[in-house]
Amino acid sequence: MTQPAQQQTAPAQQPTNQQAVLAAATVLATAVTVAEAAAMLAPVFLAMKIRREALTAALGVVMDRPPDRTGFYGPATAQIARLNLIRRAQFMVNSSRRFNETLARVAAGGADPRELLAQMAAERRYYGQHQEAVWNRMQAAAVVDSRVMDYGPLLGWYSVNDRRTSPECRRANRHNFRADDMPSIGFPGAVHPHCRCWPGPPVPGAAVLPGGQGLPTRVSRRTARRLAEAGV
Ligand SMILES: [Zn+2]
């Protein structure tokens, strides 16, 4: 006996990773408690065969330390706030998959349940590193926004040039960029850890660094509106 209907519909019903990340981003922007967020996301994650315990554990990691909110958003910090939220959602989805794998092994008798505690500690450490990158990007964006107040949205990119300068920072030196269209390498000061680049007055006649790489392009209008309503 064949089951044509099931075979045709089952794969289409499973949410893609991107859909899960966007759903998680929307919920992380608004939910206050882990239980509330888990209730909202459980259907999407169950459809991806991720157990609720794994989802709850991953939410616990990322919601235990919510990102700092700043009172003022200019064009650069607004983009970074959205980017950081998407990255936090991506981390949560990946973390839930890692917890899910361990839970499956424990359930099958192939792993010691104490392994989950070790994994929780490792995920928290990993998320702490992620938070440092979030903070660095936000600091760099805040400097860009204060230069926007001085010079407008078109700014110049300046880098310290010595043996430690990375190739991408060297290439960006004395080019221009738009604060409202983040360059593909990020904002000056946040290209990589210890980036020493800074934003300044636009360089007359210099090329503008390509932008448009900072955010996933396929964020739906509905998701964008919900993120905006949530203040991110
Ligand atoms: Zn740099």
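The text that follows walks through the structure, step by step, so that each part is easy to find. (Residues numbered from 1 in each chain as written. Predicted model: local features only at pLDDT ≥ 70, side-chain atom pairs only at ≥ 80, totals over all residues.)

## A few points about helix α3 (residues 34-47)
Two residues of an α-helix separated by three or four positions point the same way, owing to the 3.6 residues in each turn. For α3, spanning 14 residues, the distance from its first C-alpha to its last is 19 Å, which sits close to the expected 20 Å at 1.5 Å a residue. Check the buried side of α3 and you find it contacts α2 (17-30), α4 (52-64) and α5 (75-107). With its phi angle positive at about 65 degrees, K49 sits one or two positions after the end of α3. (Helix = DSSP H or I, 4+ residues; strand = E, 2+ residues; numbered from the N terminus. Expected span 1.5 Å × (residues − 1). Contact = placed C-beta atoms within 7 Å.)

## Comments concerning the sheet that holds strand β1 (residues 154-158)
The 3 strands lie next to each other as β2-β1-β3, forming an open sheet whose pairing is antiparallel. Whereas interior strands pair on both sides, the edge strands pair on one side only; in this sheet they are β2 (175-178) and β3 (198-200). For this sheet, the mean inter-axis angle between neighbouring strands, taken without regard to orientation, is 45 degrees. This element, helix α6 (residues 114-151), spans β1 and β3 of the sheet and lies at about 10 degrees to β3. (Pairing = 2+ DSSP bridges. Axes fitted to C-alpha atoms, helices over the stretch in contact; angles between N-to-C directions.)

## Some remarks on the nonpolar core
Of all hydrophobic cores here, the largest spans 50 residues; its most connected members are A24, A25, A58 and A89. The element that contributes the greatest number of residues to this core is α5, accounting for 12 residues. Lining this core are residues from two domains, each supplying at least three of them: domain 1 (14-149) and domain 2 (152-213). (Core = buried A, V, L, I, M, F, W, Y, C linked by C-beta atoms within 7 Å. Buried ≥ 20, exposed ≤ 12 C-beta atoms within 10 Å, placed from the backbone. Domains from an automatic or database assignment.)

It is worth stressing that arrangement in space is one thing and function is another; only the former is reported here.
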